[in-house]
Every structure is written in structure tokens, then in C-alpha cells.
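# Structural features, examined
Residue-level listing of the chains:
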Amino acid sequence: MSDLSGGLLGEKSPESPEPPQPTRFIAPDRRANLARQRRMSRRIFTGTALTSLATAGVLGALPATAEVTWREKDPFTLGIASGDPTSSSVVLWTRLAVDPHVLDGRGGMPNVPVEVRWELASDESFRSILRRGTETARPEEAHSLHVELEDLPAGSEFFYRFRAGRHVSPVGRTLTTPPPGDTRSLRMVHLSCSHWEGGWFTAYRRAAEDRPDLVFGLGDYIYEGGPGKSDVRTHPHKLCTTLEDYRLRYATYKTDPDLQLLHATAPWIVTWDDHEIQDNWAGQYPKDGVPTDAWVARKIAAEQAYYENMPLRRSSAPNGSSIQLFRRLSWGDLATFHVLDTRQHRDLQACHDGGKTWWFTDCEEQLDPSRTMLGDRQEQWLLDGMTESTATWNLIPQSVFFARRDNAAGPTSTLSSDGWDGYRPSRDTLVDAFSERQIANPVVLTGDVHVHFANEIKSDFLDPDSRTVGVELVTTSITSGGDGGDTVNGEEVVYAENPHIKYIRGRRGYVLSEYSTDELRVDFKTLPAVTRPDAEIGIDRTYVVPAGEPALHEA
């Protein structure tokens, strides 16, 4: 749940002859690339174009010419990706679409399986191919592929590509994580909230230029709403409620060259937030708090589309009306990643607002110990995993604001029911565990709120002098909320009422962090604007967190 205003108090994987060499994953001509992107946006996402598309292929109907000509067209228009790396395995992803903008969400592909070949090499020019194979892209999964490669050497860099017919995909870079016992450093970014209409996805390109080892996507990868009023580009079609709608929406976002570049640069580890289905949904409840058969059908459709479009393992494929997203990965003995799902297992938001506001004063329901953010199974899984971890750092990638954030001056407290403030006993359980179980260096990674924050996690948020037991690094949005600003509405009050909040900035960007056995160094990176393309990135603030001393030190 986050608004588009950027305001703090607002909503928030015998060979045929070698084909021509494929396109490298680093675009050689950024200026030409941006020009193509702008032309595409003007040409495709206008009412006139949508009318002609609807005429050619109305929902669920494949255009007559597509069955004949699809083999002649490039099926890799949505790019490639990799994800969920371990020390011996990684997932390779692609989804075939010769025309991403067909309204039925099938990408101009026929209703038949398509054989796709994949190759894994140790070099970008593919002179040394390590593995190759064939997988079947099936129409019932929108011709997506999730190739799980096993028994790979640990701590290694690889390059991969796909082939379908005579077409070859761009080349992607991926890796396996270091083996147990290895403590080599880690360079990573975490990011969130990319609204198509909010601006250009320049931050994705700038993150790729930082050459991270890993990318953590913390939710709101798409926005589900219908066309809005934007001077940059608008959503095609309508509000997403069906499988066709969600497939089309992912296809739209995945045509963006900056997003494609970051996916091809490093493996992603993802979780979701609310806009992958509907703003402010919670567990079994839609935004209005009234579950219906239509809502269940919509949720199932959105979960299917999410899996089809993310580089997830088959263990995360939807099962009925649920999808398995909380999972644990690691970077040798340096870091353990406890990836959370803060949407699917929560209770309905306290003092439920019916979609009117997320901030409540003296909402007693926020203190109800029977209410949960994670659900019993996920919470116990997290506690056990943190306790058993022997890594230097325990990272908790998740979606919603963790630290206490009081937005009212004086003795009155105004807190958000959608973040962990709305599930305070659940948060207390984790914070108490950080101390009582002596969890090593907890770092919570957060998105959702369209604003950079750097927070210290206190053993008692109401006592500024209580022990600091961890830190929270909140990333601003990629584009959501438009350009944003250097100051944020109400930040003076937030600073005054929450001494553990050390930094707030409302520009767009992402968080770059580097972990070693000695320290965490984190750069909060920002763009001056996203409503114009190709803006330069800058470091707005840098903090250092010494290992064994979980506190923020400004560099």
C-alpha cells in the first residue's frame, strides 16, 4: 500500500548451426535506445493504437495473421532474467511474445507448445559453452520458461541465452553464490515500486551500471490500475482483474529496455507487495475487506501471472489460491537472506479503512496479539532460520515499513495500519528475538513507501535510549509518485517523534549496499527527475554499519 503522491502522510534455461551473434545485454547506444522507447510509448500506448489492437485481436482472440507470421518475428521482446541463485543452482527465465501489446495477454503466440533451447557459458561470447538443453514453453503458462540449472560450480559467473527457431535472445549474466565457509564481499541493490505512468525507468539502468551481484525486488513490480493521466506514458487497456489483464500488464512493463537491462545484468530475488494484485489487499481480503468469488478468481489470476513473469523456482508455482514466496537463500557465510511474504498471510489491517486512509490514531486493534503479519508458520520459520544462521549478516527482504513511524506531533500517535505498526505484537516478537536469540546483525530491507529512510531498530521504540538491535534500509520508488522532492511532507514531525529515523528523502532511486565481514556500507541513490529520460544518478547519503554494532554511522 503506497500512494502515488510521494507524500509521507499520503497513501504512500545435436546443436543446429551457429546463428548470428545475439545482442549484448549492455545497450551500445543509449540515446538511440531511449529514442526508440519514446517512439514506442507514443505509438503503442495511445487510444488510437489501442482501438486498432482491439479491432485486430479482442480479448482472448488471436489476430488472424499471428498464427501465420509469429515464427518470423522475434519472440524475445520481453527480455530474459535469472533468479534465486544458490551455491550450485540458478533459475533462467524468459517468456515468448512476438507482439507484447495484443490485448488477450498471449503476446501474439499461438495456442501450441514451443520448443526453446538454452545455453550457459563461462564467457559472454559463448566460446566456452558449459551446458545446453531444450525446454517447452507452454501456452497455459503464457509461454514462459523457468529453467532450473543444478550442479553448477559455486561462486561462479555465467552467461546465458535462449533460442527459438532462428531467433536468439539477448545475453544475460548470472552467477552462483559462494559456498559455505566463503565470506567474500557482496554488492547488491534493493528497489521497489515501478509505476509505468510515474516516469521513465532510468533507475533500473543506473542500478545495472552499478554492476551488482544481486538485485532484490521488494514489490510493486507492476501497478494494476487502468489508464491514468500521465505526461510520460499510460497503462494500456484497463484495470487488471483477469489473467489476460495481468499478463498484458507484465508484458507492457517488460518491454522497457532499462528494466530488461537490469534483469540481464544480475540475478534477482523477488517478493511482492500489494499492487501485483490490488492496492492494500491483505491475506484473503480485498481492499474493501469483503472477500467474494470474484476476488478469489482475481487473486488466483494475479498469482499465476506473477509466477509466469518472475525468475522463480517451480517450488513457487501457484497451488490453488496460494503461492510460496517466503524462502531462504545465502551468500556463503557472509549473509543469509530470509525473504518474507508480508501480504499473503496477514490478517486484515487493523481498524480497516475500506480504502479511505491508512493512518489511525489510537487504534487499539493494532495491539491485538492474536493478529499476525506473517502467519504462524512463516513467523516460526523466520525465527528458527535466524537462530540457526551462522552468517555475519541476517538480511530480511520484505515489503512494508518495519520501524515505528509516528506521524503526529505530541502525545497522540498516528500510525499506519498497513505496515508493521498495524501489527505491533508481530513486530515485537521479531525485535525481541533479535536480542534474546542474539541474532547476528539483522538488516531489514524495505520498499513500499516511495521515500528513502534509514532507521535504527530499537529494543523499545518508545525509549530512544534503549538498545539498537538492527537497522532498516527503506528504498524509495523507481518511479511511483513522479519526480518527488528533496523534502517530504511532514518530515519534521517524523524526525521529532521518531529519533530512530535518521534519514528521509523523497527523490526516486534505489539503495546500493556492500557487505563484508567488517561492515555494511550503504548508499542511498537518487535521481533529480524521472519524468524526463536518462537522468544521472547521485549518492544522496551514505551510512556505515559496523558488524557487531548494529547502528547507523553517517559517512
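On to the nonpolar core. Counting 42 residues, the largest nonpolar core has Leu191, Tyr204, Tyr246, Leu262, Trp268 and Tyr306 as the members making the most contacts within it. Secondary structure elements with two or more residues in this core: strand E9 (186-191), helix H4 (202-209), helix H5 (243-254), helix H6 (257-265), strand E11 (268-270), helix H7 (293-309) and strand E21 (508-515). In terms of residues, this core owes the most to one element, H7, which gives six residues. Sequence-distant contacts of Leu262, that is, excluding residues within four places in its chain, are made with Leu191, Tyr204, Ala207, Ala208, Val215 and Trp268. Membership of the second largest hydrophobic core comes to 30 residues, among which are Leu383, Ile396, Val469 and Val474.

Our next topic: the side chain of Ser194. Relative to the helices and strands, Ser194 resides in the loop between E9 and H4. On the accessibility criterion, Ser194 (1% relative accessible area) is buried. A polar side-chain atom of Ser194 sits 3.0 Å from a polar atom in the side chain of Tyr204. Apart from residues lying up to four places away in sequence, Ser194 is in contact with Phe201, Tyr204, Asp220, Tyr221, Ile222, Tyr223, Tyr253, Ile478, Thr479 and Ser480.

Before going further, it helps to spend a moment on the sheet that holds strand E19 (residues 468-474). If you walk across this open sheet you meet the seven strands as E12-E13-E15-E17-E19-E18-E20, and the pairing is mixed. The two strands at the open ends of the sheet, each matched to only one other strand, are strand E12 (327-331) and strand E20 (501-505). Going across the sheet, the axis of each strand differs from the next one's by a mean of 20 degrees, ignoring polarity. With six bridges connecting them, strand E18 (residues 452-458) and E19 associate as antiparallel partners. Paired with Lys458 across the strands is Thr468, a residue of E19.

A few words on the environment of Thr202. Within the secondary structure, Thr202 is located in helix H4. Spatially, the C-alpha atoms of Thr202 and Asp256 are 9.9 Å apart, while their sequence positions differ by 54 residues. Setting aside chain neighbours within four positions, we find Thr202 in contact with Asp258, Leu527, Pro533, Asp534 and Ala535.

Before going further, it helps to examine the packing of H4 against H6. Packing of H4 against H6 leaves a shortest axis separation of 7 Å and a crossing angle of 25 degrees. For the element pair H4 / H6, the angle class is roughly parallel. For the pair H4 and H6, the sense of crossing is left-handed. Contacts between H4 and H6 involve Thr202, Tyr204, Arg205, Ala207 and Ala208 from the first element and Pro257, Asp258, Leu259, Leu261, Leu262 and Thr265 from the second. In the contact of H4 with H6, the residues fall into seven nonpolar, two polar and two charged.

On to the pairing of E18, then. Taken across its seven residues, E18 has seven buried, putting it largely inside the fold. Burial of E18 is two-sided: the residues His452, Ala454, Glu456 and Lys458 facing one way and the residues Phe453, Asn455 and Ile457 facing the other way are all buried. With four bridges joining them, E18 and E20 adopt antiparallel strand pairing. Across the sheet, the residue bridging to Asn455 is Ile501, located in E20.

Of note in this structure, Asp84 is not a glycine but carries a positive phi near 45 degrees. Phi is positive for Asp362, which is not a glycine, with a value near 55 degrees. For Asp362, a relative accessible area of 58% translates into the label exposed.

What follows covers the layout of surface pockets. For the second largest pocket, the calculated volume is near 280 Å³. Considering the residues around the second largest pocket, the lining is formed by 20 residues, among which Leu367, Arg404, Arg424, Arg427 and Leu462 are closest to the centre. Sorting the residues of the lining of the second largest pocket by element identifies strand E14 (359-361) and helix H9 (424-436) as the ones contributing at least two each. Broken down by element, the residue count for the lining of the second largest pocket peaks at five residues, all from H9. Along the lines of polarity and charge, the residues of the lining of the second largest pocket split into seven nonpolar, four polar and nine charged.

Inspection of the entire model under this criterion finds 19 aromatic pairs. A centroid spacing of 4.9 Å and a plane angle of 80 degrees characterise the contact between Phe401 and Phe453, whose relative ring orientation is edge-to-face. In this pair, Phe401 sits in the loop between strand E15 (393-397) and strand E16 (414-416) while Phe453 sits in strand E18, placing the two residues 52 residues apart along the sequence. Through a chain of ring-to-ring contacts, the aromatic side chains of Trp196, Phe201, Tyr204, Tyr221, Tyr250, Tyr253 and Trp268 assemble into a single cluster. Here the basic side chain of Arg405 rests over the ring of Phe401, its NZ or CZ set 4.1 Å away from the ring centre.

Turning to the pairing of strand E17 (residues 442-446), a few remarks are in order. Across the five residues that make up E17, a large majority, five, are buried. By the alternation rule, side chains of E17 split into Pro442, Val444 and Thr446 and Val443 and Leu445, which are all buried. Note: E17 against E19, four bridges, orientation parallel. Within E19, the residue paired with Val444 across the bridge is Glu472.

All right, on to the state of the cysteines then. For the structure shown, the criterion picks out one disulfide. Paired through a disulfide, Cys351 and Cys363 show a sulfur-sulfur distance of 1.9 Å. Its S-S torsion of approximately 100 degrees makes the covalent link between Cys351 and Cys363 right-handed. Here the residue Cys351 occupies a position in the loop between strand E13 (335-339) and E14, and Cys363 occupies one in the loop between E14 and helix H8 (376-388), the gap between them amounting to twelve residues.

Taken together, the side chains of Asp428, Asp432, Glu436, Asp460, Asp463 and Asp465 present a region of like negative charge at the surface. Tracing the chain through its elements places Asp428 in helix H9.

For H4, the buried fraction is high: seven of the eight residues fall into the buried class. Those residues of H4 lying buried are Thr202, Ala203, Tyr204, Arg205, Arg206, Ala207 and Ala208. Arg211 lies just past H4 and shows a positive phi near 50 degrees.

Considering all chains together, one arrives at 29 salt bridges under this definition. Among the salt bridges present, the one from Asp274 reaches Arg343, with a minimum N-O distance of 4.0 Å. Of this pair, Asp274 sits in the loop between E11 and H7 while Arg343 sits in the loop between E13 and E14; the two residues are 69 residues apart in sequence, bridging distant segments of the chain. Of the two residues, Asp274 and Arg343, both sit in the buried class. The partner of Asp421 in a salt bridge is Arg427, and the shortest N-O contact between them spans 2.7 Å. Arg427 carries the same exposure label as Asp421, and that label is buried. Linked through salt bridges whose partners overlap, the residues forming this network are Asp273, Asp274, Arg343, Arg346 and Asp418.

Cut-offs used in this document
- Residues numbered from 1 in each chain as written.
- Predicted model: local features only at pLDDT ≥ 70, side-chain atom pairs only at ≥ 80, totals over all residues.
- Heavy atoms only, no water.
- Core = buried A, V, L, I, M, F, W, Y, C linked by side-chain atoms within 4.5 Å.
- Buried < 20%, exposed > 50% of the residue type's maximum accessible area, 1.4 Å probe, protein only.
- Helix = DSSP H or I, 4+ residues; strand = E, 2+ residues; numbered from the N terminus.
- Contact = heavy atoms within 4.5 Å.
- Polar contact = N/O pair within 3.5 Å; in protein donor to acceptor, adjacent residues only side chain to side chain.
- Pairing = 2+ DSSP bridges.
- Axes fitted to C-alpha atoms, helices over the stretch in contact; angles between N-to-C directions.
- Parallel < 35°, antiparallel > 145°, perpendicular 65-115°, else oblique.
- Left-handed = near helix turned anticlockwise from the far one by under 90°.
- Nonpolar A, V, L, I, M, F, W, Y, C, P; charged D, E, K, R; others polar.
- 1 Å grid on protein atoms, 1.4 Å probe; cavity = no way out; pocket = protein on both sides within 12 Å on 5 of 7 lines; lining within 4 Å.
- Points joined across faces, edges and corners; volume = space filled by probe spheres on them.
- Phe/Tyr/Trp six-rings, centres within 6.5 Å; stacked < 30°, edge-to-face > 60°.
- Lys NZ or Arg CZ within 6 Å of the ring centre and 35° of its normal.
- Disulfide = S-S within 2.5 Å.
- Patch = residues over 30% accessible without salt bridge, like charges linked within 9 Å, V, L, I, M, F, W, Y side chains within 5 Å.
- Areas by Shrake-Rupley, 256 points an atom, 1.4 Å probe, with all protein chains shown as cover.
- Salt bridge = Lys/Arg side-chain N within 4 Å of Asp/Glu carboxyl O.
- Lys, Arg positive; Asp, Glu negative; His and termini not counted.
- Charge placed at Lys NZ, Arg CZ, Asp CG, Glu CD.

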